[in-house]
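# Results of the structural survey
The primary structure of each chain is shown beneath.
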Amino acid sequence: MNELALFNDLFDGFEDDYMLPSFNFKKVFQNPKVDVKEGKDAYTLEMDLPGKTDKDVNIELNHNVLTISSETKSEKEEKKDEKAEKKEEKRDDTKWLIRERTFNKFSRSFTLPEDVDGENLSASVKNGVLTVCMPRKAPVSPKRIAITCA
């Protein structure tokens with residue numbers, strides 16, 4: 001998401017000139033934050049993914065578009081019979097008051113520069129930060145064409 005995407009989301013809720021926009025905090029702020037650095041030999045993308053492992057994240061490259069996505073679902077609570085519930089209540093009388101972390105899904109796509117070597121991308125996750133290294137292709141030097149006599 002860039003600055004313009006945040007600005008556009010703010011005003012998507014306008015129905016007419018007299019209404020205030022409906023700001024969708026969940027839509028704007030659910031995507032993980034990203035930093036991208038450009039170096040001499042490579043680009044580096046870093047994305048905050050706290051609590052995620054390499055098995056939780058999917059990275060795809062399709063026609064020079066890098067897509068990073070993840071979907072996490074919590075385990076469904078099994079229904080118990082009434083006798084088991086009463087025993088459970090006696091042992092542990094806690095219950096959920098707020099439960100917002102049952103489902104998490106995001107997908108971010110980035111159009112890569114033309115000089116990225118798509119065959120040699122690498123990615124790693126460490127301490128909740130996904131790092132994608134995107135090496136640059138060697139610059140194409142001019143090719144000399146030999147002229148033959150006819």
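First things first, this report covers the structure right here in the doc. Because the structure is a prediction, the values reported are computed rather than measured.

This part covers the sheet that holds strand S6 (residues 122–126). In any sheet, the strands associate via hydrogen bonds between backbone groups, in a parallel or an antiparallel arrangement. The strand order across the open sheet formed by 4 strands is S1-S2-S7-S6, and the pairing between neighbours is antiparallel. The open sheet has two free edges, formed respectively by strand S1 (34–38) and S6, since each of these has just one partner strand. Averaged over all neighbouring strand pairs, the angle between strand axes comes to 15°, with direction disregarded. The pairing of S1 with strand S2 (residues 42–48) spans 5 bridges and is classified as antiparallel. Counted as the bridge partner of Val34 is Met47 from S2.

The backbone of His63 sits at a positive phi, close to 50°, despite the residue not being glycine. The topology assignment puts His63 in the loop between strand S3 (57–62) and strand S4 (65–73). The phi angle at Asn64 is positive, at roughly 70°, despite the residue not being glycine. Structurally, Asn64 can be placed in the loop between S3 and S4. We classify Asn64 as partly exposed; its relative accessible area is 22%.

Right, let's talk about the sheet that holds strand S5 (residues 103–111) for a bit. An order of S3-S4-S5 is seen for the 3 strands of this open sheet, with the pairing classed as antiparallel. The strands lining the two open edges of the sheet, one partner per strand, are S3 and S5. Taken over all neighbouring pairs, the strand axes of this sheet differ in orientation by 15° on average, direction set aside. Two strands pair when backbone bridges link them, and S3 and S4 are joined in this way by 6 bridges, in the antiparallel orientation. Across the sheet, Asn62 pairs through a bridge with Val65, a residue of S4.

The rules we used
- Residues numbered from 1 in each chain as written.
- Predicted model: local features only at pLDDT ≥ 70, side-chain atom pairs only at ≥ 80, totals over all residues.
- Heavy atoms only, no water.
- Pairing = 2+ DSSP bridges.
- Helix = DSSP H or I, 4+ residues; strand = E, 2+ residues; numbered from the N terminus.
- Axes fitted to C-alpha atoms, helices over the stretch in contact; angles between N-to-C directions.
- Buried < 20%, exposed > 50% of the residue type's maximum accessible area, 1.4 Å probe, protein only.

Purely geometric stuff here, so don't read any function into it on its own.
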